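Given next are the chains, with one letter for each unit.
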Amino acid sequence: MRWDNLGESPAAPADIALFGTDAVTTRTFDTPEFRGITFHEVRARSILNRVPGASRMPFEWTVNPYRGCTHACVYCFARKTHGYLDLDTGLGFDSQIVVKVNAPELLARQLASARWQGAHIAMGTNVDCYQRAEGRYGLMPGILTALRDRANPFSILTKGTLILRDLELLTQAARVTEVGISVSVGFTDRELWRTVEPGTPSPQRRLDVVRTLGAHGIDCGVLMAPVVPFLGDRPEQLRETVRAIAEAGASSVTPLVLHLRPGAREWFMQWLRRHHPGLVGRYERMYADGAYAPTWYQRRITRQVHELAAEFGIGPSQRGAARRIAVPEEPSLAAAPEQLTLL
C-alpha cells in the first residue's frame, strides 16, 4: 500500500497534501463487529471538500470523515476513490477504512476562517458518516457541534442507525440553521438486502430511524436508492417499498436508479455473475452506453414511484435541498437513544 497520492511527499507537496505520511496509524480491533477490518487513522490537512464544477451534485461542499465503508454495498459509486490511495476498490474498500481522526477540530477551525462564507455542507454523499466505525471513533458529535456553533446549513444522507445517538445535537442545530436529513432505502426485499448491502442495517431498521426522527419533530426524507434493475423494480416491489416508506412517516421519497461508475461497475458485475448469472447479458446491454441506465428506464421508475407516493400521501423532494427541522417548543428527546441492531 502507498500513501503517496494523498500524503506529504515529492508527488504531493506539503501545500496540497491532505495528510502527512508520518501521521498514519494503522489499527485492528479484535471484536466481532470489527473483525477483519483495518483502520488507518490519519490527521487530515483539510476536511472541507469542494465538489468539482462538472459534478451532477446539487451542492458545492462536502465533509467526509471516513474513506472506505463497512456497509460493503456492492454498487457503491465511491469505490473508485479508494484507488486514489492505491487501495483495493473491491474488498479493500469494505475492510480498509481511513479515519480522519482530527475531523471535528479541523472543521471548527475551517468554519471560523474569514474566508468561509457559510455555504451548505453535505455529508454522507461519498461514504456513510454513520457507518460502524463511527460507533468507535465518534467523530460526528464534534462535527455537528462545529456546524451548530457556526449556524452553518448542512444535510446528512445515511443508511446508519447511529444517527439517533445525535438527536439532541441535530435538534439544537435546527434551531439556528437549515438541516436536511435523508435515509437511503432502495428496497425492502430482505433477500436482496442481505446480498447487495451486507454490512448495513436492514431496510426495516432504517425505516425505524425515519419513524423515530419524525416522532421527535425531525422531518426525514427517503432517498429510494438504488432501484436495482430486474431485481428490485417489479411493480409489486416498488409498491411495497413506497408503502413502507409512507408508513414510516417519511416527508418525501426520491427514487434513484442504480448507476455503475468505474470501480463500482467491476465489483457489482462480479457479484452479479455469482448470484444472478442469467442477468449479466441484460445488464451489459442496459449499461452499454455508460454508468447510467437509459433515460426511458429512469423516467419510467421515477413516474411509477411518484404515482405510488401520491397514492400513499407523500411526494417527491427537491434533491439535495435542506429542510428546516420543525422543533417542538419543549422537545422531549431521549437522553441516550439506543443504537438499533444491525439485523
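Before going into details, it helps to say that this report is about the structure given with it. (Residues numbered from 1 in each chain as written. Predicted model: local features only at pLDDT ≥ 70, side-chain atom pairs only at ≥ 80, totals over all residues. Heavy atoms only, no water.)

With that settled, the discussion passes to the packing of helix α5 (residues 140-149) against helix α6 (residues 167-174). Relative to each other, α5 and α6 sit at 15 degrees, their axes nearing to 9 Å. The angle between α5 and α6 places the two elements in the roughly parallel class. Here α5 runs over α6; the crossing is left-handed. Contact residues: α5 offers Pro-141, Leu-144, Thr-145 and Arg-148, while α6 offers Leu-169, Leu-170, Gln-172 and Ala-173. (Axes fitted to C-alpha atoms, helices over the stretch in contact; angles between N-to-C directions. Helix = DSSP H or I, 4+ residues; strand = E, 2+ residues; numbered from the N terminus. Parallel < 35°, antiparallel > 145°, perpendicular 65-115°, else oblique. Left-handed = near helix turned anticlockwise from the far one by under 90°. Contact = heavy atoms within 4.5 Å.)

Bringing the pairing of strand β11 (residues 253-257) into the picture now. Burial of β11 is extensive: four of the five residues sit out of reach of the surface. Sheet analysis places strand β10 (residues 221-227) next to β11, joined by four bridges and oriented parallel. Considered in β11, the bridge of Val-222 is made with Val-253. In this view, the connection linking β10 to its parallel neighbour β11 by way of helix α9 (residues 235-247) has right-handed handedness. (Buried < 20%, exposed > 50% of the residue type's maximum accessible area, 1.4 Å probe, protein only. Pairing = 2+ DSSP bridges. Right-handed = clockwise from strand over helix to strand, strands pointing away.)

Let's shift gears to helix α8 (residues 203-215). With 13 residues, α8 should reach 18 Å at 1.5 Å per residue; the first-to-last C-alpha distance of 18 Å fits that figure. Those residues of α8 that sit buried are Pro-203, Arg-206, Leu-207, Val-209, Val-210 and Leu-213. On an axial view of α8, the arc spanned by its buried residues comes to 140 degrees, and they lie on one face. Close packing links the buried residues of α8 with α6, β9 (179-184), α7 (190-196), β10 and α9. Looking at the residues trailing α8, positive phi occurs at Gly-217, about 80 degrees. (Expected span 1.5 Å × (residues − 1). Arc of directions from axis to C-beta.)

Time to look at the sheet that holds strand β1 (residues 25-28). Taken in spatial order, the four strands line up as β1-β2-β6-β5 in an open sheet, and their pairing is mixed. Only two strands of the sheet have a single neighbouring strand rather than two, namely β1 and β5 (66-67). Note: strand β2 (residues 38-42) against strand β6 (residues 96-100), five bridges, orientation parallel. Bridge pairing in β6 places Glu-41 opposite Val-99.

Mapped onto the secondary structure, His-216 falls in the loop between α8 and β10. With 48 residues separating them along the chain, His-216 and Glu-168 place their C-alpha atoms 9.7 Å apart. In terms of polar contacts, His-216 uses its side chain to reach the backbone carbonyl oxygen of Thr-212, at 2.9 Å. (Polar contact = N/O pair within 3.5 Å; in protein donor to acceptor, adjacent residues only side chain to side chain.)

Moving on: the nonpolar core. Formed by 93 residues in total, the largest nonpolar core has its most connected members in Met-123, Ile-156, Phe-268 and Tyr-283. If sequence neighbours within four positions are ignored, Phe-268 has contacts with Val-74, Tyr-75, Leu-258, Leu-260 and Tyr-283. Within the second largest apolar cluster, five residues are counted, among which are Val-24, Val-42, Leu-87 and Val-98. (Core = buried A, V, L, I, M, F, W, Y, C linked by side-chain atoms within 4.5 Å.)

What follows is about unusual backbone geometry. The step from Ala-225 to Pro-226 runs through a cis peptide bond, and the omega angle for that step is -5 degrees. Position of Pro-226 relative to the elements: it lies in strand β10.

Strands in a sheet are paired, the pairing made by backbone hydrogen bonds, and the direction either parallel or antiparallel. If you walk across this open sheet you meet the seven strands as β3-β4-β7-β8-β9-β10-β11, and the pairing is mixed. Edge strands, defined here as strands with exactly one partner in the open sheet, are β3 (48-50) and β11. Between one strand axis and the next, the sheet turns through 25 degrees on average, direction left out of account. Strand direction decides the pairing type here: strand β8 (residues 154-158) and β9, joined by five bridges, are parallel. Following the sheet pairing, Ser-155 is matched in β9 by Gly-180. Seen against the sheet, α8 touches β9 and β10 and runs at an angle of roughly 155 degrees to β9.

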